[in-house]
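An overview of the molecular structure
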Amino acid sequence: AQTVTQSQPEMSVQEAETVTLSCTYDTSENNYYLFWYKQPPSRQMILVIRQEAYKQQNATENRFSVNFQKAAKSFSLKISDSQLGDTAMYFCAFMKHYSGAGSYQLTFGKGTKLSVIP
Amino acid sequence: GAVVSQHPSWVICKSGTSVKIECRSLDFQATTMFWYRQFPKQSLMLMATSNEGSKATYEQGVEKDKFLINHASLTLSTLTVTSAHPEDSSFYICSAGTGYQATNEKLFFGSGTQLSVL
């Protein structure tokens, strides 16, 4: 079974500054996907960024980037130029890589509540 | 982009009654849908995996007779909470996928349903 650990229950950052959210995971799988999801107060789950484990290059999406360390099983999220709209719960999630129906079962971490301060 | 519609967004019911929550994929066919439960300030916990045309697969500890799942078509899955009790009060979220492997554009979440049982 996979586990995902987010060791920072809450964090805060000044607007326009940079913040890094931590995530570690445990798995015996070699191929898998990792995700960061954002859940704002509306509670709609929004995909922030996605990383395939077989890719060495770290994924980036505009102001969001990850530091993926496969050997260390670490997957941190960096948010640059933080904006007020970034205030939300952030969940790290793991997904196995295999074909067949039901292939996208996600295992979530407990989340990090990020507050962006004006 | 693809959208998953979840209805109702909130519902209040009396203890002992049943409540049905719908999850629809609006512009794609979802072979698999997932139902999650989220308690306040906690992470998403997978309840069951719903495959079109077959029985749902429930996670350990989830009562299948209490949480009835029907995935009768490729665009609709329903979760019925039978004989609801106050401890069933929670936020329920569905997600849907379009194929056999997860990519950014193939895994989507509904907006959630807040159930309050009096």
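This one's a predicted model, so the numbers in the text were calculated from it and none came from an experiment. (Residues numbered from 1 in each chain as written. Chains lettered and ligands numbered in written order. Predicted model: local features only at pLDDT ≥ 70, side-chain atom pairs only at ≥ 80, totals over all residues. Heavy atoms only, no water.)

1. Focus on the overall build of chain B
As a reminder of what qualifies: Secondary structure elements are defined from DSSP: runs of H or I of at least 4 residues count as helices, runs of E of at least 2 residues count as strands, and each element is numbered from the N terminus. Our radius of gyration is a C-alpha quantity, and the globule rule it is checked against amounts to 2.2 Å times the number of residues to the power 0.38. Only protein chains enter the calculation, and the probe is 1.4 Å; a residue is then buried if its accessible area is under 20% of its type maximum, exposed if over 50%, and partly exposed in between. Any two residues whose heavy atoms approach within 4.5 Å at even a single point are treated as in contact. Method for areas: the Shrake-Rupley scheme with a 1.4 Å probe, in which residue coverage is limited to the protein chains shown.
The secondary structure content of chain B amounts to 0 helices and 11 strands. Written out in order from the N terminus, the α and β elements of chain B read β-β-β-β-β-β-β-β-β-β-β. In terms of C-alpha radius of gyration, chain B reaches 14 Å, essentially the compact-globule figure of 13 Å for 118 residues. The principal-axis extents of the C-alpha atoms in chain B amount to approximately 40 × 25 × 20 Å. Residues classed as buried in chain B amount to 50% of the 118 residues present. Counted over contacts in chain B with a minimum sequence separation of 6, partners at least 24 positions apart contribute 55%. Carbon and sulfur atoms make up 53% of the accessible area of chain B, which amounts to about 5,700 Å² in all.

2. Things to note about the state of the cysteines
All names here are of chain B. Going by this rule: To count as a disulfide, a pair of cysteine sulfur atoms needs to be within 2.5 Å.
The final tally for this structure, using the stated rule, is 2 disulfides over all chains. Across the disulfide from C23 sits C94; the S-S distance is 2.0 Å. Of note, the bridge from C23 to C94 carries an S-S torsion of about 80° and is right-handed in sense. Residue C23 is located in strand β3 (residues 19-25), and its partner C94 is located in strand β9 (residues 90-97); the two are separated by 71 residues in the primary sequence.

3. Quick notes on the sheet that holds strand β1 (residues 4-7) of chain B
Residues and elements named next belong to chain B. Stated formally: DSSP-based pairing: two strands are paired if at least 2 bridges between them are found. Angles shown run from 0 to 180 degrees and are taken between the N-to-C directions of axes, each axis being a line fitted to C-alpha atoms and, for helices, limited to the stretch in contact.
What the 4 strands build is an open sheet, ordered β1-β3-β8-β7; its pairing is antiparallel. At either margin of the open sheet sits one strand with a lone partner, and together these are β1 and β7 (67-73). Each neighbouring strand pair of the sheet contributes to a mean axis angle of 15°, computed without reference to strand direction. Pairing of β3 with strand β8 (residues 76-81) involves 6 bridges; the strand directions are antiparallel. Its bridge partner being in β8, K20 is matched across the sheet by T80.

4. Brief notes about the environment of A:K73
Within the secondary structure layout, A:K73 lies in the loop between β8 (64-69) and β9 (74-79). A:K73 has contacts with A:C23, A:T24, A:Y25, A:D26 and A:T27, leaving out every residue within four places of it along the chain.

5. Here we look at the pairing of strand β10 (residues 88-96) of chain A
Residue and element names in this part refer to chain A. A large share of β10 lies buried, amounting to 8 of its 9 residues. Here strand β5 (residues 32-39) runs beside β10; their pairing, made up of 8 bridges, is antiparallel. Note that in β10 the partner of W36 across the bridge is C92. One ladder, built from 3 bridges, connects β10 with strand β12 (residues 112-117); its direction is antiparallel. Bridging from a neighbouring strand, M89 pairs with K113 of β12. Sheet topology note: the β10/strand β11 (residues 106-108) ladder contains 3 bridges and is antiparallel. Note on β11: the bridge partner recorded for M95 is L106.

6. Examining the confidence of the model for chain B
We count it as follows: Here pLDDT means the predictor's own confidence in every residue, given as a number from 0 to 100.
Of the residues in chain B, 91% have a pLDDT of 70 or more, and the chain-wide mean is 88. For chain B, the element scoring lowest by mean pLDDT is strand β10 (residues 107-109) of chain B, at 84; strand β11 (residues 113-117) of chain B scores highest, at 97.

7. A word on unusual backbone geometry
Residues and elements named next belong to chain B. Here the residue pair H7 and P8 is connected by a cis peptide bond, since its omega of 0° sits within 30 degrees of zero. Along the chain, P8 falls in the loop between β1 and β2 (10-13). Despite not being glycine, K41 shows a phi value in the positive range, around 60°. In this structure, K41 sits in the loop between β4 (32-38) and β5 (44-51).

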